[in-house]
Amino acid sequence: MIEFDFVTGNQFKIDEANSALAQYGIQVRKRDDIEKIEIQSTDLETIASAALALVVQKVKGKVVVEDSGLFVHALNGFPGPYSSFVFDTLGIDSILKLLDGAKTRKAEFRSSVAYGEEGKLVAVFSSVTEGNIVTQPRGSNGFGFDPIFAPIWTQKTFAEMEMKEKSVYSHRSKAFSKLALWYLNEGSKKAKIKS
Ligand code: ITT
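Definitions and cut-offs
In this numbering scheme, every chain counts its residues from 1 along its sequence in written order. It should be noted that, the model being predicted, local features are given only for residues of pLDDT at least 70 and side-chain atom pairs only at 80 or more, the latter also being counted only at that level, while totals for whole chains, interfaces and linings use all residues. Note that the side-chain values use all heavy atoms of the structure and ignore hydrogens as well as water. Counting from the N terminus, the helices are DSSP H or I runs at least four residues long and the strands are E runs at least two residues long. Atoms counted for the radius of gyration: C-alpha only. Globule rule: 2.2 Å times residue count to the power 0.38. Exposure categories follow from relative accessible area, calculated using a 1.4 Å probe and restricted to protein chains: below 20% of the type maximum is buried, above 50% is exposed, and the middle band is partly exposed. By definition, residues are in contact when any of their heavy atoms lie within 4.5 Å. Being near a molecule or strand, for a residue, comes down to having at least one heavy atom within 4 Å of it. Under this definition, polar contacts are N or O atom pairs within 3.5 Å; protein pairs additionally need one hydrogen-donor-capable and one acceptor-capable atom, and for neighbouring residues in sequence, both atoms have to be side-chain atoms. Areas reported as accessible are Shrake-Rupley estimates using a 1.4 Å probe. Residue values count occlusion only from the protein chains shown. The definitions used throughout rest on a 1 Å grid laid over the protein atoms alone, on which a cavity is an enclosed set of points accommodating a 1.4 Å probe that cannot get out and a pocket is an open set flanked by protein within 12 Å on both sides along at least five of seven lines; lining residues are those having an atom within 4 Å of a point. Any molecule with more than half of its atoms within 2 Å of a cavity's or pocket's grid points is regarded as sitting in that cavity or pocket. Throughout this entry, Asp, Glu, Lys and Arg are counted as charged residues, while Ala, Val, Leu, Ile, Met, Phe, Trp, Tyr, Cys and Pro are counted as nonpolar. The remaining residues, Gly among them, count as polar. Pairing of aromatic rings covers Phe, Tyr and the six-membered ring of Trp, with a centre-to-centre limit of 6.5 Å; geometry is then stacked below 30 degrees between planes, edge-to-face above 60, and tilted otherwise. Any Lys NZ or Arg CZ found within 6 Å of a ring centre and within 35 degrees of that ring's normal is scored as a charge over the ring. The salt bridge criterion pairs a side-chain nitrogen of Lys or Arg with a carboxyl oxygen of Asp or Glu, the two atoms within 4 Å.

## Brief notes about the overall build of the chain
Reasoning step 1: Secondary structure summary: the chain contains 6 helices and 6 strands in total.
Reasoning step 2: Ordered by position in the sequence, the α and β elements of the chain form the string β-α-β-α-β-α-α-β-β-β-α-α.
Reasoning step 3: On C-alpha atoms alone, the chain measures out to a radius of gyration of 17 Å, which is about the 16 Å that the 2.2 N^0.38 rule sets for 195 residues.
Reasoning step 4: For the C-alpha atoms alone, the extent of the chain along its principal axes is close to 60 × 35 × 25 Å.
Reasoning step 5: Within the chain, buried positions represent 49% of all 195 residues.
Reasoning step 6: For the chain, the proportion of contacts with a sequence separation of at least 24, taken over those separated by at least 6, is 59%.

Set out below in structure tokens:
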């Protein structure tokens, strides 16, 4: 089994990444002993790359970080890169209130996964899942804004799905799948040539 260290304090991210990566023979190991520093930017790839550039100095092997957020169209992409802060300070009801009377409830989750090894950032993979903000929170699975987000292909919110089902749709599982395919085709060759 190929193993990457995943620097995050969020166990749900670990579980979702492992659910997406299992079919590729890859797993992630949680590293919450290292701080993930998030710079301010509107671009998740920039935030993930900057965080990775710092943690990769402190980890011996292959390492990943992920930055994600909920971008609500009627709110010009808010809370976006500030999703974690908005969730902690205002909660999911704040988004429902802001959308009261809005013309569209379209939103998207975005995820950027940065991968590095040997002290360097090597690659970044991003993905988007489009959906809608429902009018009332539904479901108790998952984390963050899961109870108010339903991907466009289903009425179910992420919080009404088991991990396996969320993995079919999720921004995070798609970004991690891109990483896995790249790693198996390109990244691992590079690692072998170097060693
Ligand atoms: P780490 O930084 O330690 O990895 P975090 O949860 O703080 O964990 P982010 O900084 O990337 O992660 O913040 C992303 C926030 O966006 C997260 O806290 C949620 O509020 C929201 N979010 C991202 N992906 C989500 C998902 O799949 N389901 C629900 N909410 C999500």
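## A closer look at the site of the ligand
Reasoning step 1: Near the ligand, the surroundings consist of 21 residues, among which Thr-8, Lys-13, Lys-36, Asp-146 and Lys-166 are the closest.
Reasoning step 2: A distance of 3.3 Å separates an oxygen atom of the ligand from a polar side-chain atom of Ser-84.
Reasoning step 3: When the ligand sits alone it has 610 Å² of accessible area, and the protein chains cover 90% of it.
Reasoning step 4: With respect to the pocket detection grid, the ligand is positioned in the largest pocket.
Reasoning step 5: Elements that contribute at least two residues to the shell around the ligand include exactly strand 3 (63-72), helix 3 (83-89) and helix 6 (171-194).
Reasoning step 6: Per-element tally for the shell around the ligand: the top contributor is strand 3, with 4 residues.
Reasoning step 7: Per-class residue counts for the shell around the ligand are 4 nonpolar, 9 polar and 8 charged.

## Some points on the packing of aromatic side chains
Reasoning step 1: As enumerated under the stated definition, the model contains 13 aromatic pairs in all.
Reasoning step 2: Measuring from ring centre to ring centre gives 5.9 Å for Phe-109 and Phe-158, while their planes differ by 15°; the resulting arrangement is stacked. Pair noted here: Phe-109 is in strand 4 (residues 106-117) and Phe-158 is in the loop between strand 6 (149-151) and helix 5 (163-169), with a separation of 49 residues, a long-range link. Each member of the pair Phe-109 and Phe-158 is classed as buried.
Reasoning step 3: Note on Phe-149 and Phe-158: the rings are 5.2 Å apart at their centroids and 45° apart in plane angle, and the pair reads as tilted.
Reasoning step 4: Take Phe-149: its relative accessible area is 0%, and that puts it in the buried class.
Reasoning step 5: Taken together, the ring pairs in this structure connect Phe-4, Tyr-115, Phe-125, Trp-182 and Tyr-183 into an aromatic cluster.
Reasoning step 6: Its end group placed over the ring of Phe-71, Arg-110 keeps NZ or CZ at 3.8 Å from the ring centre.

## Details of helix 1 (residues 11-21)
Reasoning step 1: Regarding helix 1, the residues found buried are Lys-13, Ile-14, Glu-16, Ala-17, Ala-20 and Leu-21.
Reasoning step 2: N-capping of helix 1 is provided by Asn-10, with a side-chain oxygen placed 2.9 Å from the backbone N of Phe-12.

## Side note on the pattern of salt bridges
Reasoning step 1: One pass over the full model with this rule turns up 15 salt bridges.
Reasoning step 2: The closest approach of N and O atoms between Glu-66 and Lys-13, which form a salt bridge, is 2.9 Å. Here Glu-66, found in strand 3, pairs with Lys-13, found in helix 1; they are 53 residues apart in sequence, far enough to count as distant. Across the pair, exposure class does not vary: Glu-66 and Lys-13 are buried alike.
Reasoning step 3: Several salt bridges share partner residues, and in doing so they unite Lys-13, Glu-16, Glu-66, Asp-146, Lys-166 and Arg-172 into one network.

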